[in-house]
Amino acid sequence: MAGLTLKNVYKYYNKNTIAVSDFNLEIKDGEFLVLVGPSGCGKSTTLRMVAGLEEVTKGYIYIGDKDVTHIEPKERDIAMVFQDYALYPHMSIFENMAFGLKLRKYPKDEIKQRVENAAEILGITHLLQRQPRQLSGGQRQRVALGRAIVRKPQVFLMDEPLSNLDAKLRVQMRAELVKLQRKLATTTIYVTHDQTEAMTMGDRIVVMKDGFVQQVGTPEEIYHKPSNLFVADFIGSPSMNFIEGKLVVEDNKVNFKAEGFNIDVSNLININEVIEKEVILGFRPENATMENPGNTKWSTPVNASVELVEDLGAEKVLFMKASNQEFRVKIFDLNYDVKVGQSKQVYLNLNKIHIFSKSDGNKIYGC
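A quick note: this is a predicted structure, and the numbers were derived from the prediction, not measured.

1. Quick word on the packing of helix α2 (residues 93–103) against helix α4 (residues 137–149)
- At a closest axis distance of 8 Å, the pairing of α2 and α4 adopts a crossing angle of 30°. Accordingly, the angle class assigned to the pair α2 and α4 is roughly parallel. Like other packed secondary-structure pairs, α2 and α4 cross with a definite hand, here right-handed. For the pair α2 and α4, contact is made by I93, N96 and M97 and by V143, G146 and R147, respectively.

Take a look at the structure:
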(Lines give C-alpha, C1' and ligand atoms only; values in the text may rest on other atoms or scores of the structure.)
Protein backbone atom coordinates (compact mmCIF):
# COMPACT_ATOMS: atom_id res chain seq x y z
CA MET A 1 0.00 0.00 0.00
CA ALA A 2 1.07 3.60 -0.50
CA GLY A 3 0.00 7.19 -0.25
CA LEU A 4 -0.27 9.48 -3.26
CA THR A 5 0.91 13.04 -3.84
CA LEU A 6 0.05 15.58 -6.53
CA LYS A 7 2.32 18.63 -6.76
CA ASN A 8 1.42 21.68 -8.85
CA VAL A 9 -0.42 19.52 -11.39
CA TYR A 10 -1.85 21.25 -14.46
CA LYS A 11 -3.70 19.93 -17.46
CA TYR A 12 -4.50 22.17 -20.39
CA TYR A 13 -5.30 21.36 -23.99
CA ASN A 14 -4.53 24.82 -25.36
CA LYS A 15 -4.10 28.35 -24.02
CA ASN A 16 -7.84 28.79 -23.64
CA THR A 17 -8.78 25.34 -22.32
CA ILE A 18 -7.43 24.60 -18.85
CA ALA A 19 -8.94 21.42 -17.41
CA VAL A 20 -7.01 21.33 -14.10
CA SER A 21 -5.05 24.18 -12.55
CA ASP A 22 -2.37 23.94 -9.83
CA PHE A 23 -3.70 20.84 -8.08
CA ASN A 24 -1.79 20.16 -4.85
CA LEU A 25 -2.73 17.38 -2.47
CA GLU A 26 -1.20 14.67 -0.29
CA ILE A 27 -3.37 11.58 0.13
CA LYS A 28 -2.51 9.36 3.07
CA ASP A 29 -1.89 5.63 2.83
CA GLY A 30 -5.27 3.89 3.17
CA GLU A 31 -7.30 7.08 2.86
CA PHE A 32 -10.63 7.24 0.99
CA LEU A 33 -10.56 10.55 -0.88
CA VAL A 34 -13.53 11.82 -2.89
CA LEU A 35 -13.29 14.32 -5.76
CA VAL A 36 -16.64 16.04 -6.20
CA GLY A 37 -17.97 18.83 -8.38
CA PRO A 38 -20.25 19.57 -11.34
CA SER A 39 -19.64 18.20 -14.84
CA GLY A 40 -16.57 19.76 -16.44
CA CYS A 41 -14.90 20.73 -13.14
CA GLY A 42 -11.77 18.61 -13.80
CA LYS A 43 -12.33 15.77 -11.35
CA SER A 44 -12.27 12.92 -13.90
CA THR A 45 -9.33 14.52 -15.71
CA THR A 46 -7.41 14.57 -12.41
CA LEU A 47 -8.21 10.89 -11.86
CA ARG A 48 -7.12 10.00 -15.39
CA MET A 49 -3.81 11.82 -14.90
CA VAL A 50 -3.19 9.75 -11.78
CA ALA A 51 -4.00 6.63 -13.81
CA GLY A 52 -1.71 7.69 -16.65
CA LEU A 53 -4.58 7.86 -19.15
CA GLU A 54 -4.09 11.65 -19.53
CA GLU A 55 -0.71 13.30 -19.86
CA VAL A 56 0.26 15.81 -17.17
CA THR A 57 1.00 19.20 -18.71
CA LYS A 58 2.93 20.47 -15.70
CA GLY A 59 3.62 19.16 -12.22
CA TYR A 60 4.36 15.82 -10.58
CA ILE A 61 2.48 12.75 -9.36
CA TYR A 62 4.01 10.39 -6.80
CA ILE A 63 2.73 7.00 -5.64
CA GLY A 64 4.58 6.43 -2.40
CA ASP A 65 8.06 7.83 -3.07
CA LYS A 66 8.00 6.94 -6.78
CA ASP A 67 7.56 9.65 -9.41
CA VAL A 68 5.00 8.19 -11.83
CA THR A 69 4.27 11.38 -13.76
CA HIS A 70 5.48 10.09 -17.10
CA ILE A 71 5.44 6.32 -16.76
CA GLU A 72 2.97 3.95 -18.42
CA PRO A 73 -0.34 3.12 -16.68
CA LYS A 74 0.56 -0.57 -16.40
CA GLU A 75 3.66 0.32 -14.42
CA ARG A 76 1.87 2.47 -11.84
CA ASP A 77 0.43 -0.36 -9.72
CA ILE A 78 -3.08 1.08 -9.74
CA ALA A 79 -6.47 -0.46 -10.49
CA MET A 80 -9.34 1.52 -11.98
CA VAL A 81 -13.09 0.91 -11.76
CA PHE A 82 -15.06 2.60 -14.55
CA GLN A 83 -18.59 3.94 -14.75
CA ASP A 84 -19.63 1.38 -17.39
CA TYR A 85 -17.93 -1.59 -15.65
CA ALA A 86 -16.01 -2.43 -18.89
CA LEU A 87 -16.61 -6.21 -18.62
CA TYR A 88 -15.80 -8.49 -21.56
CA PRO A 89 -19.19 -9.87 -22.68
CA HIS A 90 -17.76 -13.09 -24.19
CA MET A 91 -15.90 -14.08 -20.99
CA SER A 92 -17.23 -15.67 -17.83
CA ILE A 93 -17.10 -13.72 -14.57
CA PHE A 94 -14.10 -15.77 -13.48
CA GLU A 95 -12.30 -14.98 -16.75
CA ASN A 96 -13.15 -11.28 -16.45
CA MET A 97 -11.69 -11.12 -12.96
CA ALA A 98 -8.64 -13.17 -13.92
CA PHE A 99 -7.85 -11.36 -17.17
CA GLY A 100 -5.45 -8.75 -15.77
CA LEU A 101 -3.54 -11.38 -13.82
CA LYS A 102 -3.21 -13.58 -16.92
CA LEU A 103 -1.73 -10.65 -18.86
CA ARG A 104 0.85 -10.29 -16.11
CA LYS A 105 1.57 -14.04 -16.37
CA TYR A 106 0.67 -14.99 -12.81
CA PRO A 107 0.66 -18.76 -12.11
CA LYS A 108 -2.71 -20.43 -12.64
CA ASP A 109 -2.97 -21.56 -9.01
CA GLU A 110 -2.39 -18.02 -7.72
CA ILE A 111 -4.90 -16.59 -10.20
CA LYS A 112 -7.53 -19.08 -9.04
CA GLN A 113 -6.85 -18.33 -5.38
CA ARG A 114 -6.97 -14.55 -5.85
CA VAL A 115 -10.20 -14.65 -7.87
CA GLU A 116 -11.91 -16.97 -5.42
CA ASN A 117 -10.80 -14.86 -2.43
CA ALA A 118 -12.09 -11.66 -4.06
CA ALA A 119 -15.36 -13.34 -5.05
CA GLU A 120 -15.88 -14.51 -1.47
CA ILE A 121 -15.28 -10.99 -0.11
CA LEU A 122 -17.84 -9.59 -2.57
CA GLY A 123 -20.37 -12.38 -2.22
CA ILE A 124 -20.28 -13.40 -5.89
CA THR A 125 -18.71 -16.87 -5.68
CA HIS A 126 -21.91 -18.41 -7.10
CA LEU A 127 -21.67 -16.14 -10.17
CA LEU A 128 -18.16 -17.02 -11.36
CA GLN A 129 -19.30 -19.24 -14.24
CA ARG A 130 -21.98 -16.87 -15.54
CA GLN A 131 -21.68 -14.30 -18.34
CA PRO A 132 -21.99 -10.54 -17.71
CA ARG A 133 -25.34 -10.40 -19.55
CA GLN A 134 -26.80 -12.76 -16.94
CA LEU A 135 -26.03 -10.39 -14.07
CA SER A 136 -27.89 -7.43 -12.60
CA GLY A 137 -26.33 -3.97 -12.46
CA GLY A 138 -25.29 -4.42 -8.84
CA GLN A 139 -23.72 -7.81 -9.57
CA ARG A 140 -21.77 -6.41 -12.54
CA GLN A 141 -20.52 -3.63 -10.30
CA ARG A 142 -19.23 -6.19 -7.82
CA VAL A 143 -17.43 -8.00 -10.63
CA ALA A 144 -15.75 -4.75 -11.70
CA LEU A 145 -14.64 -4.22 -8.11
CA GLY A 146 -13.44 -7.81 -7.91
CA ARG A 147 -11.31 -7.36 -11.01
CA ALA A 148 -9.61 -4.44 -9.24
CA ILE A 149 -9.23 -6.29 -5.92
CA VAL A 150 -7.44 -9.32 -7.37
CA ARG A 151 -4.65 -7.05 -8.57
CA LYS A 152 -3.85 -6.02 -4.97
CA PRO A 153 -2.79 -2.57 -6.23
CA GLN A 154 -1.31 0.27 -4.21
CA VAL A 155 -4.14 2.61 -5.27
CA PHE A 156 -7.78 2.18 -6.32
CA LEU A 157 -9.19 4.76 -8.75
CA MET A 158 -12.98 4.87 -9.15
CA ASP A 159 -14.74 7.04 -11.73
CA GLU A 160 -18.45 7.38 -10.82
CA PRO A 161 -18.80 3.58 -10.44
CA LEU A 162 -22.35 3.73 -9.02
CA SER A 163 -23.92 6.17 -11.46
CA ASN A 164 -25.61 3.46 -13.57
CA LEU A 165 -27.45 1.93 -10.62
CA ASP A 166 -30.94 2.82 -9.42
CA ALA A 167 -31.30 5.00 -6.31
CA LYS A 168 -31.94 2.19 -3.81
CA LEU A 169 -29.09 0.03 -5.08
CA ARG A 170 -26.72 3.02 -5.07
CA VAL A 171 -27.34 3.52 -1.35
CA GLN A 172 -26.71 -0.17 -0.69
CA MET A 173 -23.59 -0.34 -2.87
CA ARG A 174 -21.97 2.80 -1.49
CA ALA A 175 -22.20 1.35 2.04
CA GLU A 176 -20.73 -1.95 0.84
CA LEU A 177 -17.97 -0.14 -1.04
CA VAL A 178 -16.94 1.87 2.03
CA LYS A 179 -16.86 -1.27 4.19
CA LEU A 180 -14.80 -3.04 1.54
CA GLN A 181 -12.30 -0.18 1.34
CA ARG A 182 -11.96 -0.14 5.14
CA LYS A 183 -11.31 -3.89 5.12
CA LEU A 184 -8.69 -3.74 2.35
CA ALA A 185 -7.16 -0.44 3.63
CA THR A 186 -6.16 0.50 0.07
CA THR A 187 -5.64 4.15 -0.82
CA THR A 188 -8.68 5.14 -2.90
CA ILE A 189 -9.62 8.13 -5.04
CA TYR A 190 -13.31 8.21 -5.88
CA VAL A 191 -14.87 10.62 -8.39
CA THR A 192 -18.53 11.63 -8.23
CA HIS A 193 -20.83 14.54 -9.02
CA ASP A 194 -23.20 13.41 -6.25
CA GLN A 195 -22.61 15.42 -3.08
CA THR A 196 -24.48 12.82 -1.00
CA GLU A 197 -22.02 10.13 -2.09
CA ALA A 198 -19.14 12.46 -1.29
CA MET A 199 -20.46 13.24 2.19
CA THR A 200 -21.22 9.63 3.13
CA MET A 201 -18.15 7.91 1.67
CA GLY A 202 -15.05 10.08 1.93
CA ASP A 203 -12.53 10.43 4.74
CA ARG A 204 -11.83 13.74 3.03
CA ILE A 205 -13.50 15.58 0.18
CA VAL A 206 -11.99 17.74 -2.56
CA VAL A 207 -14.56 20.15 -4.02
CA MET A 208 -13.65 21.32 -7.53
CA LYS A 209 -14.98 23.94 -9.91
CA ASP A 210 -13.66 24.96 -13.35
CA GLY A 211 -10.40 23.07 -12.82
CA PHE A 212 -9.63 24.67 -9.46
CA VAL A 213 -9.76 23.13 -5.99
CA GLN A 214 -12.28 25.12 -3.94
CA GLN A 215 -11.85 23.37 -0.60
CA VAL A 216 -10.33 20.22 0.92
CA GLY A 217 -11.60 18.85 4.22
CA THR A 218 -13.54 16.20 6.09
CA PRO A 219 -17.26 15.92 5.31
CA GLU A 220 -18.01 17.75 8.56
CA GLU A 221 -15.64 20.60 7.71
CA ILE A 222 -16.96 20.95 4.18
CA TYR A 223 -20.58 21.02 5.35
CA HIS A 224 -20.30 23.19 8.45
CA LYS A 225 -17.36 25.41 7.47
CA PRO A 226 -17.57 26.06 3.71
CA SER A 227 -14.85 28.39 2.48
CA ASN A 228 -16.91 30.11 -0.21
CA LEU A 229 -20.35 30.48 -1.77
CA PHE A 230 -19.81 27.71 -4.30
CA VAL A 231 -18.98 25.06 -1.68
CA ALA A 232 -21.82 26.23 0.59
CA ASP A 233 -24.28 25.99 -2.30
CA PHE A 234 -23.01 22.74 -3.83
CA ILE A 235 -22.84 20.70 -0.63
CA GLY A 236 -26.08 20.05 1.21
CA SER A 237 -29.64 19.13 0.27
CA PRO A 238 -31.49 21.43 0.35
CA SER A 239 -28.59 23.79 -0.23
CA MET A 240 -27.73 26.73 1.98
CA ASN A 241 -29.98 29.80 1.94
CA PHE A 242 -28.39 33.04 0.72
CA ILE A 243 -29.66 36.55 1.46
CA GLU A 244 -27.98 39.57 -0.14
CA GLY A 245 -27.68 42.60 2.12
CA LYS A 246 -25.44 45.02 3.98
CA LEU A 247 -23.50 45.19 7.25
CA VAL A 248 -24.53 48.30 9.15
CA VAL A 249 -22.81 49.60 12.28
CA GLU A 250 -25.23 51.33 14.66
CA ASP A 251 -25.70 51.63 18.43
CA ASN A 252 -22.37 49.84 19.03
CA LYS A 253 -23.68 46.79 17.16
CA VAL A 254 -23.15 45.22 13.75
CA ASN A 255 -26.42 44.40 12.00
CA PHE A 256 -27.05 42.50 8.80
CA LYS A 257 -29.81 44.30 6.93
CA ALA A 258 -31.80 43.22 3.89
CA GLU A 259 -35.45 43.56 2.93
CA GLY A 260 -37.30 41.59 5.61
CA PHE A 261 -34.09 40.94 7.62
CA ASN A 262 -32.47 42.86 10.47
CA ILE A 263 -30.08 40.48 12.26
CA ASP A 264 -27.63 41.42 15.01
CA VAL A 265 -24.34 39.70 14.04
CA SER A 266 -22.14 41.33 16.66
CA ASN A 267 -21.21 37.89 18.00
CA LEU A 268 -19.48 37.19 14.66
CA ILE A 269 -18.01 40.56 13.84
CA ASN A 270 -16.16 43.11 15.91
CA ILE A 271 -17.26 46.64 15.03
CA ASN A 272 -13.66 47.56 14.20
CA GLU A 273 -13.32 44.57 11.85
CA VAL A 274 -16.08 45.40 9.38
CA ILE A 275 -14.14 45.25 6.09
CA GLU A 276 -16.92 44.87 3.53
CA LYS A 277 -20.43 46.22 3.71
CA GLU A 278 -22.01 44.52 0.67
CA VAL A 279 -22.29 40.89 1.80
CA ILE A 280 -24.32 37.69 1.51
CA LEU A 281 -25.67 36.00 4.62
CA GLY A 282 -25.90 32.21 4.48
CA PHE A 283 -27.69 29.74 6.74
CA ARG A 284 -28.69 26.12 6.31
CA PRO A 285 -32.40 25.20 6.42
CA GLU A 286 -31.98 23.13 9.61
CA ASN A 287 -30.36 26.09 11.40
CA ALA A 288 -33.61 28.05 11.47
CA THR A 289 -36.66 27.47 13.65
CA MET A 290 -40.18 28.79 14.09
CA GLU A 291 -40.30 28.01 17.80
CA ASN A 292 -39.13 30.92 19.97
CA PRO A 293 -35.90 29.51 21.50
CA GLY A 294 -35.77 32.20 24.15
CA ASN A 295 -31.98 32.56 24.34
CA THR A 296 -29.33 34.83 22.87
CA LYS A 297 -27.79 32.32 20.49
CA TRP A 298 -30.82 32.87 18.24
CA SER A 299 -31.64 35.95 16.20
CA THR A 300 -34.54 38.30 16.59
CA PRO A 301 -37.48 36.99 14.52
CA VAL A 302 -37.87 37.33 10.76
CA ASN A 303 -41.51 37.64 9.69
CA ALA A 304 -42.21 35.33 6.75
CA SER A 305 -45.05 33.53 5.01
CA VAL A 306 -45.20 29.84 4.10
CA GLU A 307 -45.21 29.45 0.30
CA LEU A 308 -44.88 25.67 -0.03
CA VAL A 309 -44.56 22.60 2.24
CA GLU A 310 -42.58 19.55 1.11
CA ASP A 311 -43.37 16.56 3.34
CA LEU A 312 -40.45 14.14 3.08
CA GLY A 313 -41.70 11.70 5.70
CA ALA A 314 -39.04 12.09 8.38
CA GLU A 315 -38.88 15.85 7.92
CA LYS A 316 -40.59 18.77 6.23
CA VAL A 317 -39.02 21.48 4.10
CA LEU A 318 -40.85 24.80 4.17
CA PHE A 319 -40.40 27.33 1.39
CA MET A 320 -40.65 30.73 3.08
CA LYS A 321 -40.80 34.33 1.89
CA ALA A 322 -39.89 37.48 3.83
CA SER A 323 -40.74 40.54 1.73
CA ASN A 324 -39.06 39.53 -1.57
CA GLN A 325 -36.49 37.20 0.04
CA GLU A 326 -37.04 33.48 -0.43
CA PHE A 327 -35.47 30.81 1.78
CA ARG A 328 -36.09 27.31 3.13
CA VAL A 329 -36.55 25.99 6.67
CA LYS A 330 -36.26 22.31 7.59
CA ILE A 331 -38.33 21.00 10.51
CA PHE A 332 -38.21 17.58 12.14
CA ASP A 333 -41.28 17.82 14.41
CA LEU A 334 -43.85 16.10 12.22
CA ASN A 335 -46.65 17.17 14.59
CA TYR A 336 -45.88 20.84 14.04
CA ASP A 337 -48.93 22.40 12.40
CA VAL A 338 -47.99 24.45 9.37
CA LYS A 339 -49.96 25.29 6.25
CA VAL A 340 -49.38 27.23 3.05
CA GLY A 341 -50.29 30.88 3.46
CA GLN A 342 -49.59 31.08 7.18
CA SER A 343 -47.40 33.84 8.61
CA LYS A 344 -44.59 32.64 10.85
CA GLN A 345 -41.72 34.10 12.82
CA VAL A 346 -38.38 32.51 11.91
CA TYR A 347 -35.31 32.57 14.17
CA LEU A 348 -31.76 31.91 12.91
CA ASN A 349 -29.06 30.13 14.92
CA LEU A 350 -26.41 32.87 15.21
CA ASN A 351 -23.69 30.28 15.89
CA LYS A 352 -24.36 28.64 12.52
CA ILE A 353 -24.61 31.56 10.11
CA HIS A 354 -22.00 32.51 7.50
CA ILE A 355 -21.23 35.85 5.91
CA PHE A 356 -19.68 35.84 2.44
CA SER A 357 -18.11 38.61 0.39
CA LYS A 358 -20.47 39.74 -2.36
CA SER A 359 -17.50 40.70 -4.55
CA ASP A 360 -15.57 37.38 -4.66
CA GLY A 361 -17.81 34.88 -2.84
CA ASN A 362 -15.25 33.97 -0.16
CA LYS A 363 -16.38 33.60 3.43
CA ILE A 364 -15.31 36.51 5.60
CA TYR A 365 -17.13 35.80 8.87
CA GLY A 366 -18.77 32.82 10.52
CA CYS A 367 -18.11 29.40 11.95
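Now that the structure has been shown, we can carry on.
2. Here we look at the pairing of strand β1 (residues 4–14)
- In terms of strand pairing, β1 meets strand β4 (residues 58–63) through five bridges, oriented antiparallel. The residue bridging T5 from the neighbouring strand is Y62, located in β4.
- Bridge analysis of β1 against strand β2 (residues 17–27) gives seven bridges, and the strand direction is antiparallel. Residue pairing for β2: L4 is matched across the bridge by I27.
- Here β1 folds back onto β2, and the loop between the two strands holds two residues.

3. Here's the deal with the domain arrangement of the protein chain
- Taken domain by domain, the protein chain comprises domain 1 (4–234) and domain 2 (241–366).
- Taking only C-alpha atoms, the centre of domain 1 and the centre of domain 2 are 39 Å apart.
- Across the contact, nine residues belong to domain 1 and ten residues belong to domain 2.
- Carbon and sulfur atoms make up 54% of the surface buried where domain 1 meets domain 2, a total of about 880 Å² over both sides.
- Taken together, domain 1 and domain 2 are joined by zero salt bridges.
- At the surface where domain 1 touches domain 2, the tally comes to five residue pairs in polar contact (both at pLDDT 80 or more).
- Here the side of domain 1 that touches domain 2 gets three residues from one element, more than from any other, and that element is helix α8 (residues 229–234).

4. What about the environment of N270?
- Along the chain, N270 turns up in the loop between β13 (261–264) and β14 (278–283).
- A relative accessible area of 40% means that N270 is categorised as partly exposed.
- Taking the C-alpha atoms as reference points, N270 and L308, separated by 38 residues in sequence, lie 37 Å from one another.

5. Looking at the side chain of T289
- Note that T289 resides in strand β15 (residues 288–289).
- A distance of 3.1 Å separates the side chain of T289 from the backbone nitrogen of E291, its partner in a polar contact.
- If near-sequence neighbours (up to four positions away) are discounted, T289 is found in contact with W298, Q345, V346 and Y347.

6. So, the pairing of strand β18 (residues 325–331)
- Summarising burial for β18: six of the seven residues are buried, a large majority.
- Examined bridge by bridge, strand β17 (residues 316–322) and β18 share seven bridges and lie antiparallel to one another. For K316, the partnering residue across the bridge sits in β18 and is I331.
- Taking the residues between adjacent antiparallel strands as the criterion, β17 and β18 are bridged by two residues, where S323 takes a positive phi near 55°.

7. Quick notes on the sheet that holds strand β5 (residues 66–67)
- Strand order in this open sheet of four strands is β2-β1-β4-β5, and the pairing throughout is antiparallel. Strands with a single pairing partner mark the edges of an open sheet, and in this sheet they are β2 and β5.
- Set on the sheet, helix α1 (residues 43–51) makes contact with β1, β2 and β4; between it and β1 the angle comes to about 115°.

8. Regarding the pattern of salt bridges
- Summed over all chains, the structure comprises 15 salt bridges.
- Among the salt bridges present, the one from R170 reaches E197, with a minimum N-O distance of 2.4 Å. Taken together, the residues R170 in helix α5 (residues 167–184) and E197 in helix α6 (residues 195–201) connect sequence positions 27 residues apart. We note that R170, like E197, is buried.
- In this structure, R182 and D203 form a salt bridge, with 3.1 Å as the shortest nitrogen-oxygen distance. You can see R182 sitting in helix α5 and its partner D203 sitting in the loop between α6 and β9 (204–209), a full 21 residues away along the chain.
- By relative accessible area, R182 is classed as partly exposed at 42%.
- When salt bridges that share partners are traced, they join E244, K246, E278 and K358 into one network.

9. Things to note about the sheet that holds strand β16 (residues 302–311)
- Overall, antiparallel pairing links the five strands, which are arranged β15-β19-β16-β17-β18 in an open sheet. Every interior strand has two partners, whereas the edge strands, β15 and β18, have only one.

10. Here we look at the environment of P38
- In this fold, P38 is placed in the loop between β3 (32–36) and α1.
- C-alpha of P38 to C-alpha of K358: the two residues are 320 residues apart in sequence and 22 Å apart in space.
- In contact with P38, other than residues within four places in its own chain, are K43, M208, F230 and F234.

Rules of the game
Residues numbered from 1 in each chain as written. Predicted model: local features only at pLDDT ≥ 70, side-chain atom pairs only at ≥ 80, totals over all residues. Heavy atoms only, no water. Axes fitted to C-alpha atoms, helices over the stretch in contact; angles between N-to-C directions. Helix = DSSP H or I, 4+ residues; strand = E, 2+ residues; numbered from the N terminus. Parallel < 35°, antiparallel > 145°, perpendicular 65-115°, else oblique. Left-handed = near helix turned anticlockwise from the far one by under 90°. Contact = heavy atoms within 4.5 Å. Pairing = 2+ DSSP bridges. Domains from an automatic or database assignment. Buried area = accessible area lost by both parts, 1.4 Å probe. Salt bridge = Lys/Arg side-chain N within 4 Å of Asp/Glu carboxyl O. Polar contact = N/O pair within 3.5 Å; in protein donor to acceptor, adjacent residues only side chain to side chain. Buried < 20%, exposed > 50% of the residue type's maximum accessible area, 1.4 Å probe, protein only.

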